[in-house]
Amino acid sequence: MMKPNANTRINLDKISVLLIDDNQQSLDILGQVLSGFGVRQILKVESAEEAMKIVTRQVFDFIMTDGTMPGMDGYEFIEAVRRLQNQPNAFIPILLITGHARESQVHKARDCGANFVVAKPITPKVLLDRIFWVAKEDRMFVETDTYVGPDRRFKREGPPAGTTGRRKEDLPMELGQATTPNLSQDQIDGMMKPMKVNL
Amino acid sequence: MSNVRIFRVPNRLREKILKSGGPRALEILAKADKLMIEMRESCLENVNKLINEIIKEYGRANRKGDEDFLRLYTLCANIIDISAPVADLEIDRAAFYLCELVDRCGVRDQWDWPSVDVHIDALQLLRMEGVNLPASARMQIFVGLKKINDRLGAREAADPADEAAPPDYDPTKVDAIASAIDI
């Protein structure tokens, strides 16, 4: 995945960003960082319900939302945005920001249609990397009855050859074939030897 | 069978970001760091308030024993939310471990107070000592918190169905961790 290097020139002054977080101070931190990046159009809202009304009437280039919020949470918000009909914001890059994520929430984040998940506390470096990633990424969009969002199959191996549903972009299956002998059970056990922890 | 549509979407962000010109990444990162650090004092003030609330409601001296799991989880999550400008103090790491602990306690519907106490002590210590805390002591704190977390995780893995089982920790061992990190 590409990262900007120190001398990469990045033009963020023309982009418009929608920030959603129920914690006012957290919202201010995100706003400060984006201001430092040179973003001029930043709209900050404290609830996903309010953000939902805004995305139906104003076009953005990028959305960042907190995951856990009272009422409609960030995951539900992203799902709802992806289901918007005839709306440019439906395909917009969306970053989900999370503090402590339970395992179930990690699965939810993957399946709600977010482009990436960023852990709090955020750092400007990580945030810039992620913005750069979503700007450069070339993932196809997938729309099914149960999911709308960026293609979650990163490797793009697709379904097996000869079955329906393979796309011309899918990687050839040979790429995934082993080039070395399988590990013996002893070798595997050696790598995963259980360790007793004494408190 | 469900209908599947796979298609390419326009990326306005890419079009705008990659226009020629603009400052270098190094410059915008320095500016963002500077603006974020301007929020340090106000964030620290609120982190203090949150830690004080945790002590007031969940500390040894004040608790009744039937405290709400979600309330403590939310207080810790709020610390993580606002810790970016004070990330060097690593209070958010202790708050993260306490979130993990509360989650596990919530699943079992049973508080593990000795472990909660160790986490609260760690939060206090990290806040009070701040950047003056030696790296070795800081590392010991997180090793201690991780051990508690791993131990509880191992217990869940070994006995996932028995939610009503009494805790099998030895409080003296938890105390030993606390004394090992000199709380």
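Structure first, text after, so check above.
Bear in mind the structure is a predicted one, so any value in this text is a computation, not a measurement.

1. With respect to the packing of aromatic side chains
Here is step 1 of the chain: Inspection of every chain in the model, using the stated rule, returns eight aromatic pairs over all chains.
Here is step 2 of the chain: Here F91 of chain A and F7 of chain B contribute two aromatic rings whose centre-to-centre distance is 5.5 Å and whose plane-to-plane angle is 75°, an arrangement assigned as edge-to-face. With F91 of chain A in the loop between α3 (74–82) and β4 (94–98) and F7 of chain B in strand β1 (residues 5–7), this residue pair bridges two chains.
Here is step 3 of the chain: The exposure class of F91 of chain A is partly exposed, given its relative accessible area of 26%.
Here is step 4 of the chain: By relative accessible area, which is 12% here, F7 of chain B ends up buried.
Here is step 5 of the chain: Summarising the aromatic geometry, the rings of F116 of chain A and W133 of chain A are spaced 5.2 Å apart at their centres and angled 55° between planes, so their arrangement reads as tilted. A residue pair is termed long-range when its members are at least 10 positions apart, and F116 of chain A in strand β5 (residues 116–119) and W133 of chain A in helix α5 (residues 124–136) qualify at 17 residues.
Here is step 6 of the chain: Note on F116 of chain A: relative accessible area 11%, which makes it buried.
Here is step 7 of the chain: The rings of Y58, F69, W111 and W113 of chain B are connected pair by pair, giving a single aromatic cluster.
Here is step 8 of the chain: A cation sits over an aromatic face here: R152 of chain A above Y147 of chain A, 3.7 Å from the ring centre.
Here is step 9 of the chain: Against the face of F7 of chain B rests R5 of chain B, its NZ or CZ located 4.0 Å from the ring centre.

2. Focus on the sheet that holds β1 of chain B
Here is step 1 of the chain: The sheet built from three strands is open, its strands ordered β7(A)-β6(A)-β1(B) with antiparallel pairing. The sheet is open, and its two edges are formed by β7 (148–150) of chain A together with β1 of chain B, each paired on a single side. Between one strand axis and the next, the sheet turns through 15° on average, direction left out of account.
Here is step 2 of the chain: Note: strand β6 (residues 141–143) of chain A against β7 of chain A, three bridges, orientation antiparallel. Each residue of the ladder has a partner; that of V142 of chain A, found in β7 of chain A, is G149 of chain A.

3. Description of empty space enclosed by the protein
Here is step 1 of the chain: What the rule picks out here adds up to three cavities of 30 Å³ or more.
Here is step 2 of the chain: Its volume calculated, the largest cavity comes out at about 140 Å³.
Here is step 3 of the chain: Surrounding the largest cavity, 14 residues form its lining, N115, E137 and R139 of chain A together with V9 and N11 of chain B being those nearest its centre.
Here is step 4 of the chain: When grouped by side-chain class, the residues that make up the lining of the largest cavity number seven nonpolar, two polar and five charged.
Here is step 5 of the chain: Considering only enclosed or pocket space, the second largest cavity measures out at about 70 Å³ in volume.
Here is step 6 of the chain: Listing elements by their share of the lining of the second largest cavity, those giving two or more residues are α5 (91–108) and α7 (135–158) of chain B.
Here is step 7 of the chain: Among the elements that take part in the lining of the second largest cavity, α5 of chain B stands out by supplying four residues, more than any other.
Here is step 8 of the chain: Taken together, the residues that form the lining of the second largest cavity break down as five nonpolar, one polar and five charged.

What counts as what
Residues numbered from 1 in each chain as written. Chains lettered and ligands numbered in written order. Predicted model: local features only at pLDDT ≥ 70, side-chain atom pairs only at ≥ 80, totals over all residues. Heavy atoms only, no water. Phe/Tyr/Trp six-rings, centres within 6.5 Å; stacked < 30°, edge-to-face > 60°. Helix = DSSP H or I, 4+ residues; strand = E, 2+ residues; numbered from the N terminus. Buried < 20%, exposed > 50% of the residue type's maximum accessible area, 1.4 Å probe, protein only. Lys NZ or Arg CZ within 6 Å of the ring centre and 35° of its normal. Pairing = 2+ DSSP bridges. Axes fitted to C-alpha atoms, helices over the stretch in contact; angles between N-to-C directions. 1 Å grid on protein atoms, 1.4 Å probe; cavity = no way out; pocket = protein on both sides within 12 Å on 5 of 7 lines; lining within 4 Å. Points joined across faces, edges and corners; volume = space filled by probe spheres on them. Nonpolar A, V, L, I, M, F, W, Y, C, P; charged D, E, K, R; others polar.

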